[in-house]
Each structure stands twice: as C-alpha cells, then as structure tokens.
Amino acid sequence: MDTAAAAASAPEADTRREAIRVEDLHKSFGNLEVLKGVDLTAHQGDVVAIIGGSGSGKSTMLRCINFLETPSSGKIVIGGEEVAMRSDGSPANQKQIERIRTKLAMVFQQFNLWTHRTLLENVIEVPVHVLKVPKAEAVARAHELLNRVGLGGKEGTYPAYLSGGQQQRAAIARALAVDPSAMLFDEPTSALDPELVGEVLTVIRDLAAEGRTMLLVTHEMKFAREVANHVVYLYQGRIEEQGPPAEVFGNPQSDRLKQFLSSVA
Amino acid sequence: MTGLLELLGLGASAELLSLSGWGGNLLRGLANSLQIAFGAFGLGLVIGLFGAYGKLYGGKVTRDLLAIYTTVIRAVPELVLILILYYVGSDIINKISAAMGGGRVEINGVAAGIWVLGVVQGAYATEVLRGAIKAVPTGQIEAAKSYGMPAFMIMRRVTIPAMMSFAVPGLANLWLIATKDTALLAVVGFNELTLETRQAASSTRAYFTFFLAAGFLYLMVTLCSGAVFARVEKWARRGQPSLKGGAR
Ligand SMILES: Nc1ncnc2c1ncn2[C@@H]1O[C@H](COP(=O)(O)OP(=O)(O)O)[C@@H](O)[C@H]1O
Ligand SMILES: [Mg+2]
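Residues numbered from 1 in each chain as written. Chains lettered and ligands numbered in written order. Predicted model: local features only at pLDDT ≥ 70, side-chain atom pairs only at ≥ 80, totals over all residues. Heavy atoms only, no water.

With that out of the way, let us pick up the site of ligand 1. Residues and elements named next belong to chain A. Close to ligand 1 lie Phe29, Leu32, Val34, Gly53, Ser54, Gly55, Ser56, Gly57, Lys58, Ser59 and Thr60. Gly57 is positioned with one of its backbone polar atoms (N or O) 3.0 Å from an oxygen atom of ligand 1. Residue Thr60 places a side-chain N or O atom 2.5 Å away from an oxygen atom belonging to ligand 1. In the complex, 59% of the free accessible area of ligand 1, which totals 560 Å², lies under the protein chains. Residue assignment for the shell around ligand 1 shows that the elements contributing at least two residues are β2 (32–43) and α2 (58–65). (Near = heavy atom within 4 Å. Polar contact = N/O pair within 3.5 Å; in protein donor to acceptor, adjacent residues only side chain to side chain. Areas by Shrake-Rupley, 256 points an atom, 1.4 Å probe, with all protein chains shown as cover. Helix = DSSP H or I, 4+ residues; strand = E, 2+ residues; numbered from the N terminus.)

Take the interface of chain B and chain A next. With 24 residues of chain B at the interface, the matching set in chain A holds 30 residues. Of the roughly 2,400 Å² buried where chain B meets chain A, counting both sides, 55% is carbon and sulfur surface. Our count for the chain B to chain A interface comes out at two salt bridges. Where Glu125 of chain A meets Arg157 of chain B, a salt bridge forms, and the shortest distance between an N and an O atom there is 2.7 Å. The interface formed by chain B and chain A holds 11 residue pairs in polar contact (both at pLDDT 80 or more) in total. Of all the elements in the fold, those that place two or more residues in the side of chain B that touches chain A are α7 (138–146) and α8 (151–181) of chain B. For the side of chain B that touches chain A, the element with the most residues is α7 of chain B, which contributes seven residues. Residue classes in the side of chain B that touches chain A are distributed as 12 nonpolar, seven polar and five charged. (Contact = heavy atoms within 4.5 Å. Buried area = accessible area lost by both parts, 1.4 Å probe. Salt bridge = Lys/Arg side-chain N within 4 Å of Asp/Glu carboxyl O. Nonpolar A, V, L, I, M, F, W, Y, C, P; charged D, E, K, R; others polar.)

Take the sheet that holds β2 of chain A next. Strand pairing in a sheet is mediated by backbone hydrogen bonds. Such pairs are either parallel or antiparallel. All names here are of chain A. Judged by pairing direction, the sheet is antiparallel, and its four strands sit side by side in the order β2-β1-β4-β5 without closing on themselves. Lying at the two open borders of the sheet, with one neighbouring strand each, are β2 and β5 (81–82). Sheet topology places strand β1 (residues 18–29) next to strand β4 (residues 73–78); five bridges connect them, and they run antiparallel. Within β4, the position partnered with Val22 by the bridge is Ile76. (Pairing = 2+ DSSP bridges.)

So, about the pattern of salt bridges. Where charged atoms from two side chains of opposite charge come close, those side chains can pair. All names here are of chain A. Applying the stated criterion across every chain, the model contains 21 salt bridges over all chains. Ionic pairing is found between Arg117 and Glu125, a salt bridge with its closest N-O pair at 3.4 Å. Of the two residues, Arg117 and Glu125, neither departs from the other in class, the shared state being buried. Because the salt bridges share partners, they merge into one network encompassing Glu18, Arg21, Glu23, Lys75 and Glu82. (Buried < 20%, exposed > 50% of the residue type's maximum accessible area, 1.4 Å probe, protein only.)

Below you can see the structure in the form of structure tokens.
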C-alpha cells in the first residue's frame, strides 16, 4: 500500500506518533497557582512554540514535563508511556523518571554547562555515565556534534572561557548527544547579547528542519513564526489561544494575545 | 655561627638531635602525629560529607541531630572534648568487652587519636562542605537531573567536583588544625610529637633545643601542606578564569 496516499487520505486524523502529551496539568507553589489546567500534545516532528508574558508559567510547564518541578496534578505521557504519579503529583517511580528524562533533552536559558568540565567532557558526560555508551564512541560523536554547532576545535575549552552564544551551542550539542526523542528549550536566547542570538537560532532552525521534536519557549516571535508548526499562547497559567503560527500571529482572536503581540513587536 | 650557637647554649644541640638519639624519637613522634592527622582529617571528611548532605537534604530528625552534633562539638574546647571522647570511648569499649566476658582492652593510641580528632574535625567539615555544596549553582545540578542522572551520580559527578573550589580553602584550614590538634593528644599520653618533645626536653634539660626543633617540624608540615593545597586548589578551580584576570 502506498503510504503517501494513505497519509494524504486522512489529513484530519493525526497519524504521526505522539511524543509528548500533557493533560490537565496543575501546578501550585504554596498558595500561588501557576498552572491552572494545561493540555498540550506534541507529535513527533512537531515544533511547538510556547509564548506568553513573563510569569505566565512557561518555564514551569516545561519543567513539569521532565519533573524538574513536581506537578500538583494532571497527567504526563512521554512517547506513549504515562509517568506514574502519586496523588500529590510526585513521581511514583524514580527509575522511570530517570529513564524518561534521558529522552527529553533540556536546553536552559542560563546554559547550565558543567563548569568544571571541558566542552568535550560536557557532551560525553551523559552518554558515557548515564547511557553507558562506550567512551570512544561517545567521544567520536561529541566531536561530530561540536563541529555541527560550529565549535570544532573548542573541545578542550572550559565553558567559562566561551561567549554565551558558544556556551548555548555547546549546551545544544550536549542535548543532541543523548539522541533525544524530544528537546525542551527554555528561552535559549534570552540570556544572550543581541549579536549572539542569531548563531543560536541558526542551530535551532537547523534542528527543526531535520524534523526534531521540540518544545520551544521563546520571546523571538519572528523566529517562532518561522520554525514552529504550532504556537501556544499561555496567559496566567492557562492556554489562552493556540494554533498554526499563521493563525496565532496573523489573526489573533483574544484581546490578550493581540495586546501581547503588539507589546513584543 | 659556632659562636652564636655557643652563646645560645646550643653547642650540644646537633648531638642531642641525632637520629639515633632523641632526634629519632622526635621524628617518630612526628610520624605518629601525621598518621593521626591524616586519619582524623579523612574521617572528618567522611563525617562532614554525610553531615553536610544530612543537614541540607535530611529529614527533621537528621537535621536536628546534626545541629546538636556540630553545635556541641564546636562549642566545647577541643582539649575537653578529647578527654571526654577518649575516656568515654575507652570506657565503652571496656564495658562491651567485659559484658562479652573479655578482659581489659588495650586501646590503640593511633586509632583512638583518629577517632577522637575525627569526630571533632567532622563537625567543622560538615559546615565547610555544607557551605560549599550550597554555593554550587543550582543550574548545574538541575542540568544533571534533567538528563536522568540518579542522585548518587549527581553527587559524585557534579556536586562534589563543583563544590571543591569552594571547599578547598576551608579544608586546608581544617587539615592544619588537625596537625596541630594532635598535640592535644599528649594529655592522654599518646606519643605524638609534642609529648616526645617534652620527654626529650625534660630528660636532657635542653628545653630550648627540643621545642625549637619541634616548632621547626610543625612549621615544615605547614609549609609542605600549603604547597600541596595550592596545587589542589588550582586543580579544583579548573575551568574558572583566574581572579587576577588574564584567562588561561
Ligand atoms: N520555585 C518557585 N517557587 C515559587 N514560585 C515560583 C517558583 N518558580 C516559579 N514561580 C512563580 O511561578 C510563576 C510562573 O513562573 P515561570 O513558569 O517561571 O514563568 P515564565 O517562565 O512564563 O516567565 C511566577 O509567578 C513565578 O514567580
Ligand atoms: Mg521562564
């Protein structure tokens, strides 16, 4: 049977495999309810841009997905596997969380490279020690990845001696080294000097083009519009509006989104 | 030179300090002191690491117990602690031995010294390491978590290496304190450097010679330790641009 025809015959039903599903996610810090019931699904190859004002809960949502924050309630399904949660939202099975985390590579606003390790050591750390890849293999792959993000020759350098843009590209190489099924970017360019933003966006654009699944929290609206196939607008812990970039950016429905877009434009 | 030595009454010093005589005793005392200092420092580090993790991440009971431990040990003078820990320790061991039908147990001086000073060092090390762990940027640990590292691996691969640069200066101090605290063990009759010196001095009446020699030995220990710790600190600070500027 012709697969292309099959795919074309059912354009409505999404037959691609699901990568990340979040259902009715709530998160409170003490009395402050930061997420008030978020639902989100990303399929393989999706680039989901998450936009919203400061404090709207974007980081918290991303961090709940790999349990850097413990959700208050809700359901999280990664690659079809539901994360077992206790009634208080804490992970019931730490081993499961650790296994799932190795498939979700996170890229942080502040890079968070390990400062006492060289770039090469940063990139091979998780493959060698967590995934038990033979060291020689991990090193060869790390060289490839560092080359790919434009850091060939910097293998032996410590992060503190590099610019923010270089550090963030190294952090992306570290993320790629685990061969993740999805990548979580939390404002990857917000801590960078304006002239360094471009080099990082170029790398991310490349990854989107090769079909990587990504959740991307960003303030770069132009970029989001260009690389994302789905845009989510978060307002005070709820998804206020979502859809294809052309709709969300070209024809916003809610006043809040209109206001937000005009404020960041 | 000879005249000066005569003047100070040190003419016979060289002879007195010969290795086959009292000088040898002093060196043996030094060896004992260093052995205890090493052991106590090591034990202190182990206690300190558990103590620091317990204080930072332990439950309420753990934290309370550790607070009592560090407060009491740091409040009571070391000399008093040594007397308490030494006599209480040997008493307990003898009671256990008696209960099991044994006789009096000869307490091994080195082991006792290590245990006593190690418990003291542990209290200070707990605080040094707790501060150092807290100084590690949370992002480093979060990154490790987010890539699926189990807790123990995070401690081994990320937290401990990253905290070293904050801990080394404090630990260097603790080591020097350990070498000097061994002198306090003289009160329980342990043959470390200070006791050997006192014995040599009172037997020969050459107080000045022997205490000067002992002071010199302690000074050498300090100087060598300083050199070693400078290297350790340099290693621990790898990856951090020098404060003096001029990266690399
Ligand atoms: N660990 C925390 N403890 C208490 N409040 C927090 C914590 N983390 C985030 N918050 C609060 O949650 C809200 C949402 O934060 P965040 O998810 O970081 O927003 P965003 O990334 O959209 O700017 C903010 O009001 C923030 O102050
Ligand atoms: Mg944020």
